[in-house]
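Okay, here's what each chain looks like letter by letter:
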2 protein chains.
Amino acid sequence: MVELNNNSSLDKRILELGSQCWKKMQGEIPSLFDPQFWQGHILDWVMEDEDFKIDGFRFVEVLPALTKNRQIADHVQDYLLKENRNLPVMVRSALSMAAGGIASPLAVMAIKKNISEMARRFITEDDPDKAIQSLSKLNNDGFAFTADILGEASTSDKEAEQYLKKYLNLIELLGNAVTLWPDNKKLYIGPDGPLPRANVSVKVSALDPYMDPVDYHGSIGRLKERLLPLLRSAKKHNVFINFDLEQWAFHDITFQLFEEIATHPDLIDWPHLGLVVQAYLKESPGDCDRLLKLSNSRDTPFTVRLVKGAYWDYEVVNARQNGFACPVFTNKARTDACYEELSLQLLKNHQRIHPAFASHNLRSVLHAIVAAEKLNLDPQCLELQMLYGMAEPQRKILSDMGYRMRIYAPIGELLPGMGYLVRRLLENTSNSGFLRQSYHDGVDISNLLRPPKPGKEMSQESEMQPGDLSTPFANTAFLDFSIPEVRKMFTTALEAVQKSLPIKVPIVISGIQIKSIKEKQHPCPNNPETIVTYLSIADQNQAQQAINNATKSWPKWRDTSLSIRGKLLEKLADGLEKDRYYLAALQCFESGKPWKEADGDIAEAIDFCRYYARQALFELGPSEQLAMAGENNILFFEGRGPTVIIAPWNFPLAILCGMTAAALVAGNTVIIKPSSSAGSSGFELYKHLLDAGFDKDIVHFLPGSGNIIGDFLVEHPQIAQIAFTGSKEIGLRIIEKAGKTYENQPQVKKVVCEMGGKNGIIIDEDADLDAAIKGVMHSAFGYSGQKCSACSRLIIVGDIYNAFTERLIDACRSLPIKPAIDPGCRMGPVIDKVSFHRLSLIINNPPDGAEILFEGNYTSPGYFLPPVIFAVSDPLNPMMQEEYFGPILTIIKANSFNMAIEIANATDFALTGGVFSRNPSNLKKARKHFKVGNLYLNRGCTGALVQRQPFGGFAMSGTGTKAGGPGYLRLFADPRCITENTMRSGFTPDLQM
Amino acid sequence: MVELNNNSSLDKRILELGSQCWKKMQGEIPSLFDPQFWQGHILDWVMEDEDFKIDGFRFVEVLPALTKNRQIADHVQDYLLKENRNLPVMVRSALSMAAGGIASPLAVMAIKKNISEMARRFITEDDPDKAIQSLSKLNNDGFAFTADILGEASTSDKEAEQYLKKYLNLIELLGNAVTLWPDNKKLYIGPDGPLPRANVSVKVSALDPYMDPVDYHGSIGRLKERLLPLLRSAKKHNVFINFDLEQWAFHDITFQLFEEIATHPDLIDWPHLGLVVQAYLKESPGDCDRLLKLSNSRDTPFTVRLVKGAYWDYEVVNARQNGFACPVFTNKARTDACYEELSLQLLKNHQRIHPAFASHNLRSVLHAIVAAEKLNLDPQCLELQMLYGMAEPQRKILSDMGYRMRIYAPIGELLPGMGYLVRRLLENTSNSGFLRQSYHDGVDISNLLRPPKPGKEMSQESEMQPGDLSTPFANTAFLDFSIPEVRKMFTTALEAVQKSLPIKVPIVISGIQIKSIKEKQHPCPNNPETIVTYLSIADQNQAQQAINNATKSWPKWRDTSLSIRGKLLEKLADGLEKDRYYLAALQCFESGKPWKEADGDIAEAIDFCRYYARQALFELGPSEQLAMAGENNILFFEGRGPTVIIAPWNFPLAILCGMTAAALVAGNTVIIKPSSSAGSSGFELYKHLLDAGFDKDIVHFLPGSGNIIGDFLVEHPQIAQIAFTGSKEIGLRIIEKAGKTYENQPQVKKVVCEMGGKNGIIIDEDADLDAAIKGVMHSAFGYSGQKCSACSRLIIVGDIYNAFTERLIDACRSLPIKPAIDPGCRMGPVIDKVSFHRLSLIINNPPDGAEILFEGNYTSPGYFLPPVIFAVSDPLNPMMQEEYFGPILTIIKANSFNMAIEIANATDFALTGGVFSRNPSNLKKARKHFKVGNLYLNRGCTGALVQRQPFGGFAMSGTGTKAGGPGYLRLFADPRCITENTMRSGFTPDLQM
């Protein structure tokens, strides 16, 4: 935390100067707030009505994707004309004209025109020549510029290359154009001499579709390759290049890139480079230090643009959703205070780093100006920056004070630009923002010029305390690969696993390890020459022994208190958490699972333990039924008996652990039958169970073949229930066998069963395609499509079919396929030779009517099968019906959204599904009619998290259970109700006159 | 409501007189409150610690049942020495001595002696001679008496006869003894001349074990037969007889009895008769009027004792538990005000009715005295009454004022007397009682002498509004047969049913009624000559048609909103409620079910509708999962498809309706296959479903044989699930068949299955045997034991075996077996000829080791099978293992409570169970180790109510479902989770800085 500034003479001067400025600006108003224009009115309503604000901004955001009048009319209706919305009569009737049954084309056009106009306030034209005209106008008005090409998301190398090309083109054009401009000392002379008139800001993430901290060095390598030519061209054309800072996840990569480029022999003497420091980052003081250090390694200064930061919503949400430490201040005044602190530091070091202060907050800007005054700096020693289309009165007054004012001017099409527009609108309307407070809320200027008073940060910490079941559950944080230490530990764990190979996994009954003579080998999918696991194979005698012991130990375990059972699960979670690197690394080898997905699997296993431990108290523990004087009714749940857990290989720890944890905490003894393709992971779970303190007679480890011990276990009269996750065929077989009552069977057998899926994602006409491509890629090809939740059908609505398919194929083409132990791996191998051949056969002999659109290629001794895309026109084509469990995606076109839903539902399965749409009516339709266990709107259809997305399907996908959700534990328990008549001799304790 | 008295001169005089009395009483204190005695201390603690009060009173209540020191020691430990209880050191150490490992016999004796002493303060000795000594002493001290023989509960005619004999004996003894007593004008001269010195109070309910308002005339007939000899003897021996009033349920019967006896030719001129008016009854002003009217029909006055009322707890609880209108004021001051109002009325009519005022509330008594003064009545015109052992200072001072003070003196053994003692202790310690307020709380006397200020009544009404699903569920009120109109309507309904016989029941598919050529006859079990139902029998073509229609209509029904579906259930409930008399009467004929049980069945059916309608919103409706910024997660449930309901005959409406209502409200279409022994009731449900507005394509009525359509339905691929209640054999068969996946089956079939029971009740050594006999009789022989919940095993612990068995046999001997249409029927016939022969065969050929203890006999053309009791010593004897489904009870002795639990658990079933015990440790053990779905402590094991006792068992009793409880509806539905990513272009609606 930076030391806060309390310099009262500084504050006094800021108040004085600010009041003068304010007085001079009287009567002027930023155009957006001007009530004479319709936007001013809209902005007013938006600020009065939070709900309208959300809908309005969402409408603005989707608008450029709407190509037909009918579409626009529908969206106007859904977003803006909601029932019970209090709209001014004029606005309502204008909107109604656009939305009405006739959908007046004129009204629709008017809306589109108006919103485009609003966007054009913030975004200059896409056409470079026109853009240069706008920039030239700025120059004529006395402002410098920095140009940015909108379009942050690249989903393929092709797009990244296109983006790079645009920049190169812009640099050349600008470099040439500005030479014709008249001279302007204030703007183009810096402290060390002339400044380039042309100035360009670059978002590096757009130059690489797979920039990711987990692949730190890979990302830097690829980006440098694209950035160096750009920088060299800039140097050649005398164009200043600024590296924008984006999300925190890209922070370290961008810094290191800047460092490497700034010290590159070609550029070490080039002064016209800059980077951004975001004052909302808790790390920003460190960033300053780091850049000061860098400046010592260079032959010439560079520029730092100090901003507050533009991704606040995203950062906060992203940190919460992943359980990461929140990188930004959540108290606005802390950001403001940090900004001032860093301003002082930069100004003090102005000779090594040229500071640029970008803010619309008058206080923040004046603070820098006054501090510079106090340091006796020339105005040219610092630069002020503001955004195109914002705070026009301020930029003028400050420029008039003699400062170089640079306007950040995005260039671009409206389509990618609307996200930018929404961010600007948000900034203008934010409750805590200077603009809203001064121009809308009418807060007194003297208040707005006061120094920031840092308040308390929003609580981000989860309240969950490991071991304390009374604290609410929270998901386990994922590993934050943006932290170097995390990357290092993962690498170390991979080395440790590699050293320990091959792993010999025994049968374990009541703690006694037994090795079978015959063992099953499991080769490493990345490279089958390495055997990861030698798995012992149990016979029926051993199965009988395990059942005997599990039967004998059951009553005591059933009668053990819920909190003791729950606390053992917590200890199991602690153990898994402690070992999470090793366990994840093991999956990279045994399961061919990429780093992040392997980490996700371990996190999910931990989640299951902690969630079920807490949920058990709530769901299985005693609850009082209707209170009634004279009687007391208590309902609670108890375990059912020995339970067999039959787990799949694709979530080697999570699914096995989830089913086992549920069965155990509900008071059942357990026989674990791990998948023979995930024996080592299964054995790790077993060992952790014992380490956590589960009695060796409570849980037994029984690897073996389905033929030999599977049926034997399922049919055994002493087995109370079977928890199974796997294929439809085996699931149905288990259900059928368990339906029979065998001799001496003490109870009706139950089966908790999760089977397959043939999951579809619908891409609606108005979908955010950037998000859709990313969501589909991850859903279809994450872990090579080997998830029951994986997307294997893509249903694209209407006209966007071609464009979307093309982008998707481009994305597939650049998907990084690598051994799973490589951090740059986005897709690894399939699990084994059998899968490889089975899938290859399908790909090479597709059913009639299936046209291959894309087939990647990758050669390796491992079981690598690059992504494949088929197109069909018949929803009942086998490609749309059979579950393949691999990286095969089938695409179909639907003429309407309704038809898309029909197609999506036309399968035996009902597990997951997804919809990318910004059409509220269609989203509502999907909620009602898209019949799957887990439906995801505007995100991918995999990656359900415990408690947040209770997981499971119905139809032929399962028995309608929800792992990691309410009700799951009760599937493993029998209810008991105890009623006591509390009245004795006419006297009852709960009633007094 | 009586008009309230506001006479201020009366109040002034009361205050004056009361203050004088109080002053004179200064220094005197009722012996129980005297801190010099240990009871005074105990009472102090009791009044400070509500929990100790409950435990203490419960200990006192059970004490006489404890015969061994070890038992007493255990109860001292459990009740009085609870952990964390704050007891004075002396008391704790004394109690610890009694409870300790050694269980000092002396300490135990001391405790027993002390409590007996306390009891003896309130109860005179059982031995008549000793009792007469006590009464004589009262006489010598200047008090009159009325003697009462304790022992309210008779469980058999034998006990009732014994009680009668005791009274006759007492009357004779007293009549003779008092002639020897010296004369005492104040006590024995009334307004009309001499009064009998001997005065006896009688509780009429003790004279008949089956006194019940449903059997109004039968009860009166039997009681009159026993009372007339008693009255005649009293007249002969010149003994005054007072009829005590007991529970409200007995109120009308007692009044009519008194009226008939008071106007009986033998007694119409006999003045020494009395009845009680309970001022806490809302009806008490009517009672006064009724008695005044009666006085006109007599040749001479009689006495009325005005009391407040002693069954307040019971009345409030009983009314709430049954949904009856609460008969008593729940605001204490209303009772006090009513008492004063009635005092005035009685005093004004003192020439027709001699008033006696019984109260310990000085204000209430003085109010009567002052009112009498104002009316210028002689003191002998009224009588005051107080209880033996209570309020000694008051009784003395009032007697000294010249009033006849009569002491109500119970005579009896401590065993039945402890209930009486507890009621006295409660009265002494009640927060709102005069005694506590004056002697313990130290409330100023002038406050206590103020006129009562009636406040608000406690709310008794349920908040449930039919049709409004947002109001909380409440159980439907049972018919209150103490209301003459209710009895009349039931009789009318029986006549209507009789007229409508035989009933022809068709098959109905999509509203089209089809009559089969062959029909199944169902004769009336009461008299098989009458055919109740001719039932059509569906074939497979019709089953297929029903399935087709149910399949076709399903999607629309599934997608109909929960509230619409729930409201239809509410309408169904309304319809059933409107028709409840007819529906119940139908069961008397078709099912041989007695009135109250038939009513209970209809009430339960209504409950299922209203509960599931409400529960559906809560349990199936959308619920937000963990709130997380940037995403929205909603979980909800949808129907699964066509559902077959296969119902039993024993709860012809309730079970069928419950399963159907659950399936429907959860969004499934339904095919009802009613039991062929309950076709008319089933058809009634179907008709009510249509009347309620359920679409004719949603629900189909398919009577038929299991062989022909049962398997066909269960195996059909389009059937999504089967809800079944019935035998183990058929249940397991359905589960097995449904476990298979048939061709073209769209989903895994589910079975919701309730099967049989072999339910045991444990009678512990310290059980309240009166309650236990009643509970066992109802559980074992209610509806002839034809309930899956019925008690068929009785496990009696230790020494009480013989005594209990004997009383039980006596109770069986007097069980009123009659046709079910007779309101006096406590047990009717079994369902049909097959059952009759099957059960007869078991009774006539019991397995080895089963000794017949009792076999009733009853001859009738109906299928009547009187109760049978067997004794066995082997818990595994078939009599302890097989479910017979009839009035056969098997008894076994257990040496210890632990053994009793082991025996209780030694069966394949786990449905219901019961324990009668007052041993907290044993009750705790039972809670933990008695493994059944529904365990009942200190009540019978049948009669689960919706929401209060979620019903269902496990092991071979069912699949662990709880009808009428949480989670049940979800068995009929599949969960769906919808996750929306709400962040668009970095903007999320749920997060603002």
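Cut-offs used in this document
- Residues numbered from 1 in each chain as written.
- Chains lettered and ligands numbered in written order.
- Predicted model: local features only at pLDDT ≥ 70, side-chain atom pairs only at ≥ 80, totals over all residues.
- Heavy atoms only, no water.
- Phe/Tyr/Trp six-rings, centres within 6.5 Å; stacked < 30°, edge-to-face > 60°.
- Helix = DSSP H or I, 4+ residues; strand = E, 2+ residues; numbered from the N terminus.
- Buried < 20%, exposed > 50% of the residue type's maximum accessible area, 1.4 Å probe, protein only.
- Lys NZ or Arg CZ within 6 Å of the ring centre and 35° of its normal.
- Pairing = 2+ DSSP bridges.
- Right-handed = clockwise from strand over helix to strand, strands pointing away.
- Expected span 1.5 Å × (residues − 1).
- Contact = heavy atoms within 4.5 Å.
- Buried area = accessible area lost by both parts, 1.4 Å probe.
- Salt bridge = Lys/Arg side-chain N within 4 Å of Asp/Glu carboxyl O.
- Polar contact = N/O pair within 3.5 Å; in protein donor to acceptor, adjacent residues only side chain to side chain.
- Axes fitted to C-alpha atoms, helices over the stretch in contact; angles between N-to-C directions.
- Least-squares fit on C-alpha atoms with pLDDT ≥ 70 in both.

Peer 1: Account for the packing of aromatic side chains, with residues named and values stated.
Peer 2: In the structure shown here, the tally under the stated rule is 46 aromatic pairs over all chains. Taking the centre distance of 5.5 Å and the plane angle of 45° together, the rings of B:Phe683 and B:Phe701 count as tilted. Of this pair, B:Phe683 sits in helix 26 (residues 679–692) while B:Phe701 sits in strand 20 (residues 699–701), and the two are 18 residues apart along the sequence. Exposure class is identical for B:Phe683 and B:Phe701. Each is buried. Aromatic ring contacts, followed pair by pair, group A:Phe473, A:Phe608, A:Tyr611, A:Tyr612, A:Tyr968 and A:Phe972 into a single cluster. If you follow A:Arg487 out to its NZ or CZ, it ends over the ring of A:Tyr216, 4.0 Å from the centre. The side chain of B:Lys593 reaches across the aromatic face of B:Tyr783, ending 4.6 Å from its centre.

Peer 1: Before we move on, could you go through the pairing of strand 24 (residues 791–797) of chain B and cite the residues and values that matter?
Peer 2: Residues and elements named next belong to chain B. Within strand 24, 7 of the 7 residues are buried, which leaves the element mostly enclosed by the surrounding structure. With 5 bridges connecting them, strand 23 (residues 759–763) and strand 24 associate as parallel partners. Counted as the bridge partner of Ile762 is Ile795 from strand 24. In terms of handedness, the path from strand 23 via helix 29 (residues 769–781) over to strand 24 forms a crossover that is right-handed. Relative to strand 27 (residues 888–894), strand 24 runs parallel, the two being bridged by 5 bridges. Paired with Leu794 across the two strands is Ile891, which belongs to strand 27.

Peer 1: So what's going on with helix 15 (residues 362–374) of chain A? Which residues, and what values?
Peer 2: In an α-helix there are 3.6 residues to a turn, and that puts residues three or four apart on one side. Residue and element names in this part refer to chain A. Here helix 15 is 13 residues long and its end C-alpha atoms lie 18 Å apart, about the 18 Å a rise of 1.5 Å per residue gives. With 11 of its 13 residues buried, helix 15 lies for the most part within the structure. Within helix 15, the full set of buried residues consists of Leu362, Arg363, Ser364, Val365, Leu366, His367, Ala368, Ile369, Val370, Ala371 and Ala372. Directly beyond the C-terminal end of helix 15, a positive phi value near 60° is found at Asn376.

Peer 1: Can you break down the interface of chain B and chain A residue by residue, with the values?
Peer 2: The partner chain A presents 101 residues to the 101 residues of chain B that form the contact. For the pairing of chain B and chain A, the buried interface totals around 9100 Å² over both sides, and the portion due to carbon and sulfur atoms is 57%. In this structure, the connection of chain B to chain A is made through 8 salt bridges. When the shortest N-O distance is used, the salt bridge between B:Asp559 and A:Lys931 registers 2.7 Å. Viewed at the interface, chain A and chain B are joined by 48 residue pairs in polar contact (both at pLDDT 80 or more).

Peer 1: Residue-level account of the sheet that holds strand 27 of chain B, with values.
Peer 2: Pairing in this open sheet of 10 strands is mixed, and the strands run 16(A)-17(A)-32(A)-30(B)-29(B)-23(B)-24(B)-27(B)-26(B)-25(B) from one edge to the other. Strand pairing shows two members of the sheet lacking a second neighbour, strand 16 (623–624) of chain A together with strand 25 (851–855) of chain B, which therefore form its edges. On the sheet, helix 33 (residues 920–929) of chain B packs against strand 17 (631–639) and strand 32 (973–981) of chain A together with strand 29 (912–916) and strand 30 (934–937) of chain B and is oriented at approximately 155° with respect to strand 32 of chain A.

Peer 1: Run through the relation of the copies chain B and chain A, naming residues and quoting values.
Peer 2: What connects the two chain copies is a rotation about an axis and a shift along it. Laying chain B over chain A is done by rotating through 180° and shifting 0.1 Å along the axis; what remains is an RMSD of 0.1 Å. The relationship between the two copies is best expressed as a two-fold rotation axis. Taking C-alpha positions as reference, the residue of chain B nearest the rotation axis is B:Gly739, located at 2.4 Å. In this assembly, 100% of the residues forming the interface of chain B have copies in chain A that are likewise at the interface, indicating an isologous arrangement.

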